[in-house]
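Observations on the model geometry
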Amino acid sequence: MASRPSGSHENADFGFEDSCFKATRAPTFRRSIFGTVCPLFFNREYIMNNRVLGAALLLLPIFAAVAQPPSTVDPKAKQVLDSVAAFYKGLNTVTCNYALSLDTEAQGKKNSLSLDFGFVAERPNKVAYVQSKSDGGVDVVSDGSGVTVSIPKMKKYATEGPADSIGSALEWGALSAVTQFSFILVDLMSPDPSSALLDCSTEPKYVGEEDLDGLKHHHIELSQDEMNVNFWFQSGEKPFLSRIRPDLSRSLEGSDTKVAVEIKLTGWTGNEPIPAERFTFTAPEGFEKAANFNAMFGKEKRPADALVGSMAPLFSLKALDGKTIDLQSYVGKNVVVLDFWATWCGPCVMSLPILTDVAGTFKEEGVVFIGVNQGEGADEINSFLADQKLVFDVA
């Protein structure tokens, strides 16, 4: 298992600007291409003004980060992936450009997002994954002695202890929803790339040889329950990865949301000398250095663990139906689940059906669920509840 830099997080609460989210990370570094999806780093104002894009990002499927033995393995797919694995295992250094485009459509509105990264890696533990033109993702730089994580949207960065591999350094890149597919780079530079790819797919398939940007490519499709991911590897002696295209149609079935994601990897080099300065992080002007990773998110100022076991403050709020919800009335009689939410908050939208279902299951045991909305109007909340077919007390 790859060791984590100090300050790494398990079930950690990260607060930034006016919004927050919870990211549940698997205890082992085994996420591969179907990694844990966490929100894109935009502040509340951006999300409020771009709800369609934000909601689409945050509704991307979350996959179990465990190996899934293939039900059937296409021999040609395995042959190609074995060839790719042997090629990348022979590379001590690699560089490429990683460009991601995201197009979303929902409720008659369209949004687009582009991210551009430069990727440089040298075994065993040096890596630079840094945006060139965009600023919506997470930048990671490891010089072998420490890992620096920078979040341009927050204008903050932190440097922590050394990573023991390229993978454990680049793990931080998964903190942004749209850069989760950077983990394919980890798998390609892992000790066993073929297994890393095959283990996360239930049905690897060879689609065929196709022309892409004037070159012949092998098209491989890897499937999991919620989506398929398509890969194009160059044919010939240097099977560099050129394209990644996830198919999210299954995970979005039944909704009016459309999401198209494409990652282009260009300018590959292998086994070329890389200057040491490529692995050196220079803080941009105006960036604040945090003491450690958790401090970047204000966790030291708001330690969630300190609240465990303490009494919740009593309060009363006006309910959506005009009545008053008084927490005092439940003391000694009920177990109250409070969820602070908003329609623009992707993780909130994802968790509400689960929370209401669990609370309903234990209703006879005295469990009560109350959703405390964060400042939205009654019409907007009622419309949301009707669309989502949700019924619960809203304060």
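Going by the structure above, here's the rest.
Residues numbered from 1 in each chain as written. Predicted model: local features only at pLDDT ≥ 70, side-chain atom pairs only at ≥ 80, totals over all residues. Heavy atoms only, no water.

Looking now at the overall build of the chain. For the chain, the count of helices and strands is 9 helices and 19 strands. In the chain, which comprises 395 residues, the share counted as buried stands at 50%. Within the chain, contacts between residues separated by at least 24 positions form 60% of all contacts whose residues are at least 6 apart in sequence. Carbon and sulfur atoms provide 51% of the accessible area of the chain, an area that totals close to 18,700 Å². (Helix = DSSP H or I, 4+ residues; strand = E, 2+ residues; numbered from the N terminus. Buried < 20%, exposed > 50% of the residue type's maximum accessible area, 1.4 Å probe, protein only. Contact = heavy atoms within 4.5 Å. Areas by Shrake-Rupley, 256 points an atom, 1.4 Å probe, with all protein chains shown as cover.)

This part is about the side chain of Ser 168. Take Ser 168: it is sitting in helix H4 (residues 166-170). Judged by relative accessible area, Ser 168 falls into the buried class, the value being 0%. A polar side-chain atom of Ser 168 sits 3.0 Å from a polar atom in the side chain of Asp 164. (Polar contact = N/O pair within 3.5 Å; in protein donor to acceptor, adjacent residues only side chain to side chain.)

Turning to the sheet that holds strand S18 (residues 367-373), a few remarks are in order. Strand order in the open sheet formed by 3 strands is S17-S18-S19, and the pairing between neighbours is parallel. The sheet is open, and its two edges are formed by strand S17 (335-341) and strand S19 (393-394), each paired on a single side. Strand direction decides the pairing type here: S17 and S18, joined by 7 bridges, are parallel. Each residue of the ladder has a partner; that of Phe 340, found in S18, is Val 372. Sheet strands in contact with helix H9 (residues 378-388) are S17, S18 and S19, and its direction is about 110° off that of S17. (Pairing = 2+ DSSP bridges. Axes fitted to C-alpha atoms, helices over the stretch in contact; angles between N-to-C directions.)

Before going further, it helps to examine the nonpolar core. Ranked by internal contacts, the top residues of the largest apolar core, which has 59 residues, are Tyr 88, Phe 119, Leu 185, Leu 241, Leu 265 and Trp 268. A total of 6 residues in this core trace back to one element, the largest contributor, which is helix H3 (residues 75-89). With sequence-adjacent residues up to four places away left out, Leu 241 is seen in contact with Tyr 88, Ile 184, Leu 188, Phe 231, Trp 232, Phe 233, Leu 265 and Trp 268. In terms of nonpolar packing, the next biggest core, distinct from the first, is built from 16 residues, Val 349, Ala 359, Leu 385 and Leu 390 among them. (Core = buried A, V, L, I, M, F, W, Y, C linked by side-chain atoms within 4.5 Å.)

With that settled, the discussion passes to a nonpolar patch on the surface. Together, Ile 354, Val 358 and Phe 362 line one region of the surface with nonpolar side chains, adding up to about 280 Å² of accessible area. If you trace the backbone, Ile 354 turns up in helix H8 (residues 346-361). (Patch = residues over 30% accessible without salt bridge, like charges linked within 9 Å, V, L, I, M, F, W, Y side chains within 5 Å. Salt bridge = Lys/Arg side-chain N within 4 Å of Asp/Glu carboxyl O.)

The full count for this structure, using the stated rule, is 13 aromatic pairs. Aromatic side chains Trp 341 and Phe 384 sit 5.4 Å apart centroid to centroid with 35° between the ring planes, which places their arrangement in the tilted category. Taken together, the positions of Trp 341 in strand S17 and Phe 384 in helix H9 put the pair 43 residues apart, joining distant regions of the chain. Residue classification places Phe 384 among the buried residues on the basis of a relative accessible area of 10%. Ring centres of Trp 341 and Phe 392 lie 5.8 Å apart, and the angle between their planes is 70°; on these two criteria the pair is classed as edge-to-face. Of this pair, Trp 341 sits in strand S17 while Phe 392 sits in the loop between H9 and S19; the two residues are 51 residues apart in sequence, bridging distant segments of the chain. Assigned by exposure class, Trp 341 and Phe 392 land together as buried. An aromatic cluster is defined as three or more aromatic residues linked by ring pairs; in this entry it consists of Phe 87, Tyr 88, Phe 240 and Trp 268. When the ring centre of Tyr 206 is taken as reference, the NZ or CZ atom of Lys 76 above it lies at 5.4 Å. (Phe/Tyr/Trp six-rings, centres within 6.5 Å; stacked < 30°, edge-to-face > 60°. Lys NZ or Arg CZ within 6 Å of the ring centre and 35° of its normal.)

A few words now on the pairing of strand S5 (residues 126-131). The two faces of the sheet receive side chains in turn, since in a regular strand these alternate between them. Here strand S4 (residues 109-122) pairs with S5 via 6 bridges, running antiparallel. When the bridges of S5 are listed, Val 120 appears paired with Ala 128. Across 4 bridges, S5 lies against strand S6 (residues 139-143) in antiparallel orientation. Its bridge partner being in S6, Tyr 129 is matched across the sheet by Val 140.

On to the pattern of salt bridges. Tallying each qualifying case throughout the model produces 6 salt bridges. Across the salt bridge formed by Asp 213 and Arg 243, the nearest N and O atoms sit 2.8 Å from each other. Placement of Asp 213 in the loop between strand S9 (205-212) and strand S10 (215-223) and of Arg 243 in strand S12 (residues 241-247) is noted, with a sequence separation of 30 residues between them. In this structure, the salt-bridge partner of Arg 245 is Glu 262, at a minimum N-O distance of 2.5 Å. Taken together, the residues span a long stretch of sequence, with Arg 245 in strand S12 and Glu 262 in strand S13 (residues 258-270) at a distance of 17 residues. By relative accessible area, which is 33% here, Arg 245 ends up partly exposed.

Turning our attention to the side chain of Asn 230. Checked against the element boundaries, Asn 230 lands in strand S11 (residues 228-234). Among the polar contacts made by the side chain of Asn 230, one reaches the side chain of His 219 at a distance of 2.9 Å. Ignoring any residue separated from it by four or fewer positions in sequence, one finds Asn 230 in contact with His 219, Ile 220, Glu 221, Arg 243, Ile 244, Arg 245 and Asp 247.

Moving on to H9. Within H9, the full set of buried residues consists of Ile 381, Phe 384 and Leu 385. The buried side chains of H9 occupy one side of the element, clustering within an arc of 95° when seen end-on. In H9, the exposed positions that point more than 90 degrees away from the buried face belong to Asp 379, Ala 386 and Asp 387. (Arc of directions from axis to C-beta.)

Here we come to H3. For the α-helix, the turn length of 3.6 residues means that residues three or four positions removed from each other point alike. End to end, H3 covers 21 Å across 15 residues, agreeing with the expected 21 Å (1.5 Å per residue, within 8%). By the burial criterion, the buried members of H3 are Ala 77, Val 80, Leu 81, Val 84, Ala 85, Phe 87 and Tyr 88. What you see down the axis of H3 is that its buried residues fit within an arc of 165°, all on one side. More than 90 degrees from the buried face of H3, the exposed residues found are Pro 75, Gln 79 and Ala 86. For H3, the capping residue at the N-terminal end is Asp 74, with a side-chain oxygen 3.0 Å from the backbone nitrogen of Lys 76. (Expected span 1.5 Å × (residues − 1).)

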